[in-house]
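Close look at the chain arrangement
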Amino acid sequence: MSKPRNVKSDGQAAADAHERRQDYLSPPDMERLLTSAKKGRHGIRDQLLLMMMYRHGLRVSEATALRRADVDLSQARIWVSRLKNGLSVEQPVSGDELRALRGWLAKRNDALPWLFISERQQPLTRQAVNYIVATAGDRAGLGHVNPHMLRHSCGFALANRGHDLRLIQDYLGHRDPRHTAHYTRTAARRFDDLW
């Protein structure tokens, strides 16, 4: 029988991170990923795409389905239509995200309804998003990064900030709280100040 490991948390990692494969990025890693995305050929679009996937916990199909009409720049809000029978909600857009959105939309000279388009004036495909995320991850030195890791990164970041299960559940659009409990159960800060 092996002895339990004494693991000291850095406050950003999940409490059981030493026992499982990491399927999320820490906030500092996310900053590296976003900086890396901005250095690509379509940096303004790519950085915004990754930022929104992270900040709103978007699945790839939810991100590619976003339309300009879903964004209200004057109110700094975005309508997130969840898939998988999830709870669709309106969410706030933070200052840096709002500036990035304005920059991306100002750069475009089309009337297409989609928020994220390719250089061929089509909505981004799942494969394109996979490529954008993986390329930014490689460029940032983070190894293999996939789009769903950004959704998990959102859940863990919210849990590590001390937000409760129900709020995170609604924010990510989960119908079943068991899907959200994964984030809050392993939050490193959950046990802070118990004594």
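The coordinates are above.
So, here is what we can say about the structure in this document. This one's a predicted model, so the numbers in the text were calculated from it and none came from an experiment.

Counting its secondary structure elements, the chain contains eight helices and three strands. Starting at the N terminus, the α and β elements of the chain follow one another as α-α-α-β-β-β-α-α-α-α-α. Counted over contacts in the chain with a minimum sequence separation of 6, partners at least 24 positions apart contribute 59%. Put simply, the chain shows about 11,200 Å² of open surface, and 51% of that area lies on carbon and sulfur atoms.

Attention now moves to the pattern of salt bridges. This structure, assessed with the given rule, holds eleven salt bridges. A salt bridge links R55 to D96; its shortest N-O distance comes to 2.8 Å. Remark: D96 occurs in helix 4 (residues 95-107) and R55 occurs in helix 2 (residues 43-55); sequence separation between them is 41 residues. Owing to a relative accessible area of 24%, R55 belongs among the partly exposed residues under this scheme. Here the salt bridges share partners, and the residues they tie into one network are R55, D96 and E97.

Side chains of strand 2 (residues 77-80) alternate between two faces, with I78 and V80 buried and R77 and W79 left unburied. Here two bridges tie strand 1 (residues 71-72) to strand 2, and the two strands are oriented antiparallel to one another. Along strand 2, the bridge assignment pairs V71 with I78. The hairpin formed by strand 1 and strand 2 contains four residues between the paired strands, and A76 there has a positive phi angle of roughly 55°. Sheet topology places strand 2 next to strand 3 (residues 89-92); four bridges connect them, and they run antiparallel.

Calculation criteria
- Residues numbered from 1 in each chain as written.
- Predicted model: local features only at pLDDT ≥ 70, side-chain atom pairs only at ≥ 80, totals over all residues.
- Heavy atoms only, no water.
- Helix = DSSP H or I, 4+ residues; strand = E, 2+ residues; numbered from the N terminus.
- Contact = heavy atoms within 4.5 Å.
- Areas by Shrake-Rupley, 256 points an atom, 1.4 Å probe, with all protein chains shown as cover.
- Salt bridge = Lys/Arg side-chain N within 4 Å of Asp/Glu carboxyl O.
- Buried < 20%, exposed > 50% of the residue type's maximum accessible area, 1.4 Å probe, protein only.
- Pairing = 2+ DSSP bridges.

By themselves, these are just geometric observations and shouldn't be taken as functional.
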